[in-house]
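# Inside the fold
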Amino acid sequence: MGARILVVEDEEALTTLLRYNLDAEGYDVETVARGDEADTRLKERIPDLIVLDWMLPGLSGIELCRRLRARPETKQLPIIMLTARGEESERVRGLATGADDYIVKPFSVPELLARVRGLLRRASPERLATVLTYGDIEMDRDKRRVARSGQPIDLGPTEYRLLEFFLEHPGRVFSREQLLDGVWGRDIYIDERTVDVHIGRLRKLLNYGREQDPIRTVRGAGYALDDRFAKAE
Ligand code: CA
């Protein structure tokens, strides 16, 4: 599953170029042309990184950046600001307001891609790791293999993605809606109870013949990888 990138840019040609190239790198790309629309979108769903243009209709990139930094859930969200040449002093202000990086237009696509990769790596190294481990669970993403205490476990594709999603965010509690978004994708309508069904299957396969359940059910909230599980090993 590629990292999710939200591109907020009102120049259509640039948006198309960015979408095409980020898509080709395997990222899950969404684009929005207005600052106020981006703000609304970000309240519903938080990507892994934002490419944010400075000058936007509705709400400026700088104001959006300020708002994102003021909210706990987007305080750490990696932001790359796009600025036009000649906005040098503005650029400095951009960084002061909390953007992690900036890039001056016109820029080369490989340069932007390198910045995106670098920022994602710093923000969440586990996203790029080939082997994810948690307690006695090991997932090798190159070989698409899962094992517990060295014993291979055969997971279906949905259970695999579900486990991968948990392993990328150990300890974090996800609501059913967030799991649907993260594992199934936002464009598909699936009943939230489907999540329970797949969690049930994942548990059964992971826990067969074992006592410790690595998945924690948080009443009224959702599911998480149990952090006591990692510590117990
Ligand atoms: Ca613009």
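Residues numbered from 1 in each chain as written. Predicted model: local features only at pLDDT ≥ 70, side-chain atom pairs only at ≥ 80, totals over all residues. Heavy atoms only, no water.

### A look at the coordination of the calcium ion
Six octahedrally arranged donors around a metal ideally form angles of 90 or 180 degrees; four tetrahedrally arranged donors ideally form angles of 109.5 degrees. Note the threshold: Each metal site lists N, O and S donors within 2.8 Å (3.2 Å for Na, K and Ca). With water left out of the atoms, a site can look as if it is missing ligands. Remark: exposure states derive from per-residue accessible area (1.4 Å probe, protein chains only) relative to the maximum for the residue type, with buried under 20%, exposed over 50%, and partly exposed in between.
Donor atoms from the polypeptide that coordinate the calcium ion comprise Asp10 (OD), Asp53 (OD) and Met55 (O), at 2.1 to 2.3 Å from the metal. Donor residues for the calcium ion, ordered by position in the chain, follow D-x42-D-x1-M. Taking the relative accessible area as the measure of exposure, Asp53 reaches 3% and is therefore buried.

### Let's talk about the pattern of salt bridges
The criterion, for reference: A side-chain nitrogen of Lys or Arg and a carboxyl oxygen of Asp or Glu constitute a salt bridge if their distance falls within 4 Å. Secondary structure counts use DSSP, requiring at least four H or I residues in a row for a helix and at least two E residues in a row for a strand, with both numbered from the N terminus.
Following the criterion strictly, the structure yields 24 salt bridges and no others. Ionic pairing is found between Glu11 and Lys105, a salt bridge with its closest N-O pair at 2.9 Å. One end of the pair, Glu11, is in the loop between strand 1 (4-8) and helix 1 (12-24); the other, Lys105, is in strand 5 (residues 101-105), with 94 residues separating them in the sequence. The exposure class assigned to Lys105 is buried, which follows from its relative accessible area of 13%. Here Glu30 ties to Arg41 by a salt bridge, and the two come within 2.5 Å at their closest N and O atoms. Remark: Arg41 occurs in helix 2 (residues 35-44) and Glu30 occurs in strand 2 (residues 28-32); sequence separation between them is eleven residues. Of the two residues, Glu30 and Arg41, both sit in the buried class. Connected through shared salt-bridge partners, Asp39, Lys43, Glu63, Arg66, Arg67 and Arg71 make up one network.

### Focus: the nonpolar core
To be explicit about the condition: Take the buried residues of types Ala, Val, Leu, Ile, Met, Phe, Trp, Tyr and Cys, join any two whose side-chain atoms come within 4.5 Å, and each joined set is a nonpolar core. By definition, residues are in contact when any of their heavy atoms lie within 4.5 Å.
Formed by 27 residues in total, the largest nonpolar core has its most connected members in Leu162, Leu163, Phe166, Leu179 and Ile199. Looking at this core, the elements with two or more residues in it are strand 6 (131-134), strand 7 (137-140), helix 6 (157-168), helix 7 (176-184), helix 8 (193-207) and strand 11 (222-225). Top element by residues in this core is helix 6. It accounts for six residues. Setting aside anything within four residues of it in sequence, one finds Phe166 in contact with Phe174, Leu179, Ile199, Tyr223, Ala224 and Leu225.

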